[in-house]
Every structure is written in C-alpha cells, then in structure tokens.
Amino acid sequence: MDTFGLLANGLLAALQWQNLLYALLGVTLGTAVGVLPGIGPALTVALLLPVTYRLDPTGSLIMFAGIYYGGMYGGSTTSILLNTPGESASIVTALEGNKMARKGRGGPALATAAIGSFVAGLIATIALAFLAPWVVKVALSFGPADYFALMVLAFITVSAAFGDSPLRGVTALFIGLGLGVIGIDLQTGQARLAFGIPDLLDGIEVTTLAVALFAIGETLSIASSRTQMKEEVLAVKGSVWMTLEDWKRSWGPWLRGTLIGFPIGAMPAGGAEIGTFFSYAAERRLSKHPEEFGHGAIEGVAGPEAANNASAAGTLVPLLTLGLPTSATAAIMLAGFQQFGLQPGPLLFANNAPLVWSLIASLLVANFMLLVLNLPLIGLWVKLLTVPKPWLYAGILSFATLGTLGANGAMSGRLGPIPFSFELLILLAFGILGYGLRRFGYPIAPVVIGLILGPLSEQQLRRALAISQGDPMVLIHSPIAITLYIVAAAAVLIPLYFRIRGKGAVLSQMASDED
Amino acid sequence: MNKLLLAALISSAIAVPAFAADYTIMAPAAPGGGWDQTARSMQEAFQAEGISGNVQVTNVPGAGGTIGLAQFVNQSTGNPNALIVGGYVMVGAVLTNASPVSLANVTPIARLTGESDVIVVPAASELKTVDDLVAKLKADPGSVSWAGGSAGGVDHIAAGLFAKTVGVDPTTVNYIAFSGGGEALAAVLGGQVTVGISGLGEFDAQIKSGDLRALATTGSARLEGSDIPTLGEAGVALVVENWRMVAAAPGITDEQKTAISADVEKLVTSATWKQTLETKGWQDMYLSGADFDTQLAADIDATSAILKDIGLVQ
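Looking only at helices and strands, chain B features 11 helices and 10 strands. By the compact-globule yardstick of 20 Å for 314 residues, chain B fits well, its C-alpha radius of gyration being 20 Å. Along the three orthogonal principal directions, the C-alpha set of chain B runs to about 60 × 45 × 35 Å. Across chain B, every contact between residues at least 6 apart in sequence was considered, and the portion connecting residues at least 24 apart equals 76%.

Set out below in structure tokens:
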C-alpha cells in the first residue's frame with residue numbers, strides 16, 4: 001500500500017470516537033500543563049504512564065502525542081501574556097509577544113502563535129508522514145564537527161539579532177556562556193564551578209534561568225520604578241483578531257519557521273529552542289519593519305512559534321524511525337512504546353504499521369482540535385491583562401515560584417534544622433541579575449541563549465577533536481560544515497562590505513536596520 | 001479531572017509525604033529513566049500484590065543520583081517506610097563527584113534487575129569480531145573511538161575494563177561521552193565513531209534490523225535465543241553488568257530491615273513483577289542479604305580501581 005493509502009487508513013482509525021476522545025483529553029491536558037510553568041509535557045506523560053498501562057496502546061500513544069503538541073501550544077500563552085516562558089522553546093516568543101501584549105495587541109499575538117502553530121504542525125506532520133526515512137538519513141549524517149559549525153552559525157546570527165547595541169548583546173551572551181560552564185563536564189565527569197554544592201553539579205536549569213530573568217527581573221524592575229505604575233495598559237487596542245496587515249506579515253514567517261524548525265527537530269542533537277533562535281534571527285533580517293523588533297514585531301512571534309511546533313513533529317522522525325529520543329518528552333514516549341512491548345526503530349513501520357499511521361493521523365486531528373480549542377479562548381486570555389498591575393505582578397511572582405518548586409524544587413538545601421529549596425535560591429539570585437540587566441539596558445535573551453548553546457557547542461567541539469585525535473582539520477572536513485561556515489561568514493561579511501563601501505542608499509538602509 | 005490531576009501532579013512533584021503511605025520510594029533521577037521506571041514498577045507491583053497499600057514515588061534528579069542519595073540520607077534516617085532505588089551508575093557517580101554521602105550511608109536491601117552492555121559497530125565497519133577490535137585497539141588505541149553514555153558511567157567503565165583486560169593502557173582509551181544511549185546510537189549509525197558501547201536495549205532494534213553489528217555483550221551468559229556471544233566466549237575474560245538495587249534508610253533496626261527484605265522478596269517473586277521484567281526486557285538479577293553485601297563491596301572496589309586507572313578519580 002502506498003503512503004496515501006496507509007495515511008487514509010490511519011485517519012479512519014484516528015477518527016474512531018474513542019481515539020478522538022483520547023486526542024481531546026491529550027490536547028486539553030497538554031495545553032493546561034503548557035500554560036503552567038514548571039509542569040512540562042515530559043513530566044505529565046511520565047506521571048500518566050502507569051495509569052495508561054492497562055489501556056490500549058494506540059489510544060494512549062495518541063493521548064501522549066496530544067499532550068506533546070498541546071504543551072507546545074500552551075507554552076506560548078504565558079510567554080506572551082505574562083512574560084513567563086513555561087519551557088525553553090517559548091523563550092523567544094516572550095521577546096516580541098509580550099511587547100505586543102503590552103501595546104494592547106495580545107489578541108493578534110496569541111492568534112498568530114496559535115494559527116502559526118497549526119500551520120507548522122500541519123505541514124510538519126505531513127512531512128513526517130512522507131519524508132521521515134529521507135530526513136532521518138540527512139540528520140544522521142551530521143557529525144560532531146557539523147553540529148559545531150551549526151552552533152557557530154547560531155552564535156553569529158543570533159548575537160547580532162538581539163538588542164540595539166552589539167557590545168551589550170555580546171556581554172549578555174558571555175554571561176550566559178559563563179553560566180553554561182557550571183556543572184559536571186560530560187566528557188570527563190569532573191565538576192566545574194560547582195564550589196562543592198551538589199545542586200550545582202547538573203548545571204543551571206534553563207527554565208529556571210529564563211523565568212528568573214524574564215518574570216522575576218521584570219517584577220523587581222516594575223516594583224522599583226513607581227512612576228511606571230501609572231502607565232495605563234490597554235488590554236485590547238484595535239481588534240482582538242488579526243488584521244489583514246497581520247496576516248500579510250505572518251504567513252511568510254510561519255512557512256519559514258516550519259522550514260527551519262522541522263529539520264532541526266529531527267536532528268539527534270537539535271532541540272526545539274535552537275530552531276526558534278534561528279527563526280527569530282532570520283525574521284529580523286528579512287523583515288520590512290526591522291525597527292519594530294524589540295518593540296513587538298508580529299513576525300518575531302509568528303516565526304518562532306511555527307518553528308517550535310514544527311520541531312515537535314520533527315522530533316518524532318528519529319523517534320519513530322530509529323527509536324532515538326531527541327527531547328525529554330520523546331524519551332518518555334519511548335518508554336511508553338516499550339511499556340506496550342513495542343520497540344520504535346527501523347522495524348516499527350514494518351511490524352506495527354496500523355499503529356504508526358493512526359498515531360500520525362491523530363497528530364493531524366489533534367492539531368485541528370488545538371486550533372478550535374485555542375482561538376475562542378484568546379478573548380478570555382487577554383482579559384488577564386486588565387488585572388491591575390500590583391495584582392498581576394503578585395500573581396506572576398507566585399506563579400513563577402510555584403512552577404519552579406514544582407519542577408525542580410526539592411527541599412535539598414538545609415540551613416540548620418530548616419530545609420529549603422536551592423532552586424528557589426537560584427531563581428531569586430538570577431531574578432536580581434535580571435533586574436540589574438534591565439536597569440542598565442542589557443538584553444536578556446542572549447544570557448539564556450548562551451546557557452543553551454554554550455554547553456552544546458563545547459561538547460560537540462571536544463567530541464570532534466577527540467574523534468580526530470586532536471587534528472583541527474576535522475572541523476572543516478565535511479561539506480555540511482563548510483557550507484555552514486560559508487553562510488556564517490556571509491552573515492558577517494555582507495553587512496560589513498556595505499558599510500565599507502560606505503555610500504549610497506544601501507548604507508543608510510543598513511544603518512537604520514542595525515541601529 | 002484537570003484539577004484532580006493537577007493536584008496529584010503538584011503533590012507528587014513537591015514530594016509531600018502522604019498520610020497512610022506504607023512505602024515512599026525515591027527515584028534519584030528524572031521521570032522516564034531506568035531508576036524512575038524501576039521505582040514506578042515497584043510501586044505498581046507492591047500495590048497490585050497487596051504487599052503495601054499506598055506507595056508514593058518521588059523524583060529527585062541530579063548528578064548520577066548522588067543528589068537524591070544525599071537528600072535521602074538527610075531526611076529519612078531511621079524511617080522504616082523510606083526506600084531508594086539506585087544502581088551501578090551511582091557507585092561510579094559517588095566516586096567521580098566526590099560525594100560526601102555514599103552507598104555505605106544507606107541500608108542496601110537487594111539487587112533487583114540488570115542489563116548487560118553490548119559492543120556494536122556500524123554494518124559497514126571493517127571490524128567483524130572482537131578479535132578484530134582487540135587487534136585495532138592494540139595497534140593504535142587512539143584510533144578506536146568509543147561512543148557511550150556519560151563519563152564515569154557503566155559504558156565508560158566497561159570500555160576501560162575492556163582495554164585493561166586485553167592489555168592496553170586504559171588511560172589511552174578514546175572514549176566519547178554522549179548524554180544518553182540515544183545520542184551515542186546516532187553517532188554510531190552515522191559512522192562518526194568506531195564502536196558503540198551501551199545497554200543492549202539502546203541498540204537492540206538496530207541490531208535486529210541489520211544496521212548495526214553486535215560484536216559481543218558484556219554479560220555473564222548469553223541472552224536467551226540470542227546469537228550474540230559474550231565477551232567471555234569471544235576470548236576476553238570480562239563481565240560488566242549494569243544492575244539496579246533498592247536500599248532502605250540508614251539507622252533502621254534489624255527487625256525493620258528483615259521486614260523490608262521480606263516485602264521485597266514477596267515483590268520479586270510476584271507474578272506482576274515477572275510480567276514487568278518481561279515487558280521491559282530487564283534481566284532478573286535478584287540478590288539479597290549477606291550475598292548482596294559482599295557483591296556490592298566487590299563492585300565498589302572494582303569500580304574505584306578502574307576509575308583510578310582511567311584517570312577520572314585521583
């Protein structure tokens with residue numbers, strides 16, 4: 001049977017009422033846990049595993065996939081409304097999305113996130129169905145040296161894309177890189193910069209840092225400047241829905257975000273957040289309204305949101321074809337497969353074809369459900385913004401604290417007889433750092449990006465050099481790496497070239513782009 | 001439904017001990033991993049077999065289980081209802097992290113399950129047998145790159161012991177650590193490294209599909225119905241098995257220890273547990289009492305020696 005026939009059969013199975021019910025349960029739960037910081041889709045699926053043990057395998061896997069997609073949707077809501085990213089993949093969304101919400105454009109921001117996620121989920125799921133075997137071959141050909149080249153490209157494009165001053169952007173990036181060194185070094189097992197504190201051995205948790213810098217830092221900064229309290233926040237300015245202009249500015253980023261997110265999600269060492277960085281950097285370069293970036297540009301929400309949903313579908317490529325989990329949620333879904341005696345991998349498509357195809361088909365169904373569930377809720381969500389500021393920020397503070405406690409807040413520290421949570425201490429300390437950065441005009445996102453990319457690039461570089469026994473030529477040995485370096489060099493040199501030529505309209509255009 | 005679930009999520013996440021909990025099992029790892037699955041399987045079997053009415057599982061992830069272990073010792077001393085899951089990885093992590101708390105600080109009850117490592121090469125590799133690998137390793141140790149789990153973990157230890165057993169200096173082993181068996185699998189499949197060494201479960205599907213060739217397992221005996229030789233059969237006198245155990249709190253009385261051991265024995269002989277072993281593909285390696293204490297001491301000594309040989313522990 002060809003792929004179309006298999007997919008049609010899968011759709012028939014997914015549309016059975018009990019499977020629809022599982023999908024609905026999954027997306028509802030997923031959206032709920034995505035909205036709550038600290039409780040991510042990984043933890044939810046892990047806790048549900050023992051419960052689903054006696055259910056039928058197709059139904060429970062459909063529910064897990066629904067939770068995964070739902071979590072990706074829900075994460076954007078708190079990022080946009082409360083500037084509190086619930087998971088690392090929605091950090092970038094907070095940058096422009098929250099600015100939009102402050103200007104009374106929360107409705108369009110949520111709508112472009114929801115519709116963008118839908119479009120990306122749809123295209124990426126279809127790509128999963130038709131291209132999986134091919135995509136996985138490409139993804140596997142990425143060696144450590146190629147990943148390192150990809151990280152170099154990310155550093156170069158991303159550090160130029162944030163903030164108005166390159167120097168401040170790079171300073172913030174280096175703070176993040178410094179924080180990324182903390183913890184056990186994977187290659188040697190030695191602790192670095194942990195100062196004998198066991199809680200630091202696993203390094204700084206990305207979501208804790210993000211919530212601290214974004215939410216706590218901002219709360220402190222609002223509390224410290226009383227004059228701002230009088231500024232009126234408009235919940236809704238203009239329409240709650242996207243205008244024609246919004247649609248025109250969104251569809252390009254949706255498609256580009258999908259194109260960037262899907263392959264990066266499929267890479268064994270990719271990860272959803274890296275796709276969102278690339279998408280943001282690309283949109284900023286390509287936008288006709290670069291001056292709006294940093295002040296609520298809709299492209300900066302549309303692109304990254306599409307990218308993170310596309311990469312969620314991308315993650316399923318190596319999971320289903322190789323049995324290779326590339327995210328925490330995928331790892332637990334793998335455990336879910338094994339619970340039913342199924343081994344994802346090269347034989348799964350051959351041995352359990354009906355199950356795989358109904359899973360893929362139910363992803364399409366779940367995607368439709370999410371759109372239907374989320375669009376009507378937007379009107380309700382933006383009401384949150386009319387809450388008086390003191391209440392709103394008190395709420396954000398307790399929300400952020402509870403989320404951190406729930407995710408990693410074991411009472412592992414001890415001060416005399418009183419146990420305390422070390423993770424909360426970290427949250428507060430970085431909250432103060434976030435306040436300081438804001439106070440002196442440093443951008444915040446590069447700190448988080450440094451924490452994510454730093455350890456990845458270091459490990460890949462050292463793996464590449466270890467495999468080649470110290471020969472640096474390995475770094476430019478493969479066509480993939482060479483291509484990536486050429487793109488990176490172009491990203492640096494082309495603006496420089498125009499600047500040196502120094503005359504004509506091009507320069508003034510570039511100058512206003514970069515200001 | 002959502003509210004109920006949320007309440008359950010929060011209460012289990014922040015580890016509030018429930019009222020009538022007979023046992024609280026700590027999994028010193030994030031949800032989803034081997035220790036977590038062991039703890040949750042124990043929970044299910046304890047309850048299904050009526051050995052214990054109400055069992056809670058708490059997750060305290062971090063640093064190869066040593067963060068959970070430290071917290072367990074701190075907070076559960078003398079508590080006869082507290083259990084912790086652990087394993088071979090913890091033995092190494094205690095040493096490499098110079099953890100102030102070790103397995104000597106808890107009351108080991110029994111070894112439960114185990115898994116051997118398997119040494120694999122890509123299907124296109126020139127290495128066909130263990131002898132080929134030994135020859136290549138002896139000729140130029142650095143030219144053999146080994147992909148496996150984190151540094152100082154069971155995969156790294158197995159690679160080091162392999163070199164030592166065949167007479168190659170273990171410090172010259174070119175071991176590339178990946179953050180999990182999955183990433184190591186990608187590196188082997190992509191031909192980025194010479195060999196892969198990790199738990200059999202990580203590579204099983206690719207071995208069956210023919211994408212990877214298994215040279216040998218590190219177990220003491222062949223798996224039922226498997227045509228993969230053990231290292232012993234292939235001429236390398238080495239056995240490395242990654243086992244998982246359960247321990248009780250420090251400071252409990254001998255009577256309490258006996259009672260817990262009896263409950264665990266009921267658990268491992270139950271039909272539910274046997275069913276779990278089968279679906280998860282875990283080997284039964286149940287060992288308790290004085291035999292386990294002796295074995296544990298021997299494993300700790302051997303691990304400490306090889307970690308010094310590799311140079312991870314001074």
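After that view, the rundown keeps rolling.
This part takes up the overall build of chain A. For chain A, the helix and strand inventory stands at 20 helices and 4 strands. Burial statistics for chain A: of 515 residues in total, 57% are counted as buried. Within chain A, residue pairs in contact and separated by at least 24 positions form 78% of the contacts whose partners lie at least 6 positions apart.

All names here are of chain B. The domain architecture assigned to chain B consists of domain 1 (2-114 + 242-310) and domain 2 (116-217). The partner domain 2 presents 13 residues to the 12 residues of domain 1 that form the contact. For the side of domain 1 that touches domain 2, the elements supplying multiple residues, two or more each, are helix H4 (88-96) and helix H11 (289-310). Looking at side-chain class alone, the side of domain 1 that touches domain 2 contains 6 nonpolar, 5 polar and 1 charged residues.

Before going further, it helps to examine the environment of Glu183 of chain B. Structurally, Glu183 of chain B can be placed in helix H7 (residues 181-189). Considering only alpha carbons, one finds Glu183 of chain B and Ala147 of chain B, 36 residues apart in sequence, at a separation of 8.9 Å.

Notably, Leu193 of chain A is not glycine yet its phi reads approximately 50°, a positive angle. What makes Leu193 of chain A exposed here is the crowd of 12 C-beta atoms within 10 Å.

An α-helical turn contains 3.6 residues, so a residue and the one three or four places further along point in the same direction. Residues and elements named next belong to chain A. Its 16 residues place the ends of helix H8 (residues 166-181) 23 Å apart at the C-alpha level, agreeing with the 22 Å of an ideal helix rising 1.5 Å per residue. Where H8 is concerned, the buried positions are Gly169, Ala172, Leu173, Gly176, Leu177, Leu179 and Gly180. Down the axis of H8, the sector holding all buried residues measures 160°, keeping them to one side.

Moving on: the pairing of strand S3 (residues 82-87) of chain B. The side chains of a regular strand alternate, residue by residue, between the two faces of the sheet. Residues and elements named next belong to chain B. Along S3, 6 of the 6 residues are buried, which leaves the element largely enclosed by surrounding structure. Burial along S3 is two-sided: Ala82, Ile84 and Gly86 and Leu83, Val85 and Gly87, pointing in opposite directions, are all buried. When strand S1 (residues 23-27) meets S3, the two strands line up parallel, connected through 3 bridges. Paired with Ile25 across the strands is Leu83, a residue of S3. In this sheet, strand S9 (residues 241-248) lies alongside S3 in antiparallel orientation, the contact comprising 5 bridges. In the sheet register, Gly87 faces S9, and the bridge partner there is Arg244.

Let's shift gears to the nonpolar core. Grouped together as the largest cluster of nonpolar side chains are 252 residues, with contacts concentrated most on Tyr69, Ala154, Leu213 and Val448 of chain A together with Ile25, Val120 and Trp146 of chain B. Taken together, domain 1 (2-114 + 242-310) and domain 2 (116-217) of chain B each give at least three residues to this core, which thus spans both. In contact with Val120 of chain B, not counting residues within four places along its chain, are Val188, Val195, Gly196, Phe203, Ile207, Leu212, Arg213, Ala214 and Leu215 of chain B.

Attention shifts here to the confidence of the model for chain B. Residue and element names in this part refer to chain B. In the predicted model, chain B carries a mean pLDDT of 81, and 91% of its residues have values of at least 70. Across residues 8-21, confidence stays below pLDDT 50; counting only partners more than four residues off in sequence or on other chains, it has 22 contacts. Interface predicted TM-score (ipTM) for the complex: 0.76; the corresponding pTM is 0.78.

Residue and element names in this part refer to chain A. At a minimum axis distance of 9 Å, the contact between helix H4 (residues 57-82) and helix H15 (residues 353-383) shows a crossing angle of 30°. One element, H4, and the other, H15, form an angle in the roughly parallel class. Note that H4 runs across H15; the crossing there is right-handed. Facing H4, whose interface residues are Pro57, Thr58, Leu61, Ile62, Ala65, Gly66, Tyr69, Gly70, Tyr73, Thr77 and Leu81, H15 presents Leu355, Ser358, Leu359, Ser362, Leu363, Ala366, Asn367, Leu370, Asn374 and Trp381. Partitioning the contact of H4 with H15 into residue classes produces 13 nonpolar, 8 polar and no charged.

A separate point is the environment of Phe368 of chain A. Looking at the element boundaries, Phe368 of chain A is found in helix H15. Judged by C-beta crowding, with 14 C-beta atoms within 10 Å, Phe368 of chain A ranks as partly exposed.

Bringing the confidence of the model for chain A into the picture now. Per-residue pLDDT for chain A averages 80, and the proportion of residues at 70 or more is 86%. This model gives residues 503-515 of chain A a pLDDT under 50, and the stretch forms 9 contacts once residues within four places in sequence are excluded.

This part covers helix H12 (residues 299-322) of chain A. Residues and elements named next belong to chain A. Taking 1.5 Å of rise per residue, 24 residues should cover 34 Å, and H12 covers 34 Å from first to last C-alpha, within 8% of that figure. In terms of burial, H12 is largely enclosed, as 24 of its 24 residues are buried. Once H12 ends, the next one or two residues include Gly323, with phi positive near 75°.

All names here are of chain B. Remark: helix H2 (residues 34-48) packs on helix H10 (residues 271-280), axes separated minimally by 9 Å, with the N-to-C direction vectors making an angle of 150°. Classified by the angle their axes make, H2 and H10 are roughly antiparallel. Like other packed secondary-structure pairs, H2 and H10 cross with a definite hand, here right-handed. Counted together, Gln37, Ser41, Glu44, Ala45 and Ala48 of H2 and Thr272, Trp273, Thr276 and Lys280 of H10 form the full contact between these two elements.

Residue and element names in this part refer to chain B. Mapped onto the secondary structure, Phe72 falls in helix H3 (residues 66-76). Judged by the 28 C-beta atoms lying within 10 Å of it, Phe72 falls in the buried class. For the pair formed by Phe72 and Met90, sequence separation is 18 residues and the distance between their alpha carbons is 14 Å.

Each value, and the rule that gives it
- Residues numbered from 1 in each chain as written.
- Chains lettered and ligands numbered in written order.
- Predicted model: local features only at pLDDT ≥ 70, side-chain atom pairs only at ≥ 80, totals over all residues.
- Helix = DSSP H or I, 4+ residues; strand = E, 2+ residues; numbered from the N terminus.
- Rg over C-alpha atoms; globule rule 2.2 N^0.38 Å.
- Contact = placed C-beta atoms within 7 Å.
- Buried ≥ 20, exposed ≤ 12 C-beta atoms within 10 Å, placed from the backbone.
- Domains from an automatic or database assignment.
- Nonpolar A, V, L, I, M, F, W, Y, C, P; charged D, E, K, R; others polar.
- Expected span 1.5 Å × (residues − 1).
- Arc of directions from axis to C-beta.
- Pairing = 2+ DSSP bridges.
- Core = buried A, V, L, I, M, F, W, Y, C linked by C-beta atoms within 7 Å.
- pLDDT = per-residue confidence, 0-100.
- Axes fitted to C-alpha atoms, helices over the stretch in contact; angles between N-to-C directions.
- Parallel < 35°, antiparallel > 145°, perpendicular 65-115°, else oblique.
- Left-handed = near helix turned anticlockwise from the far one by under 90°.

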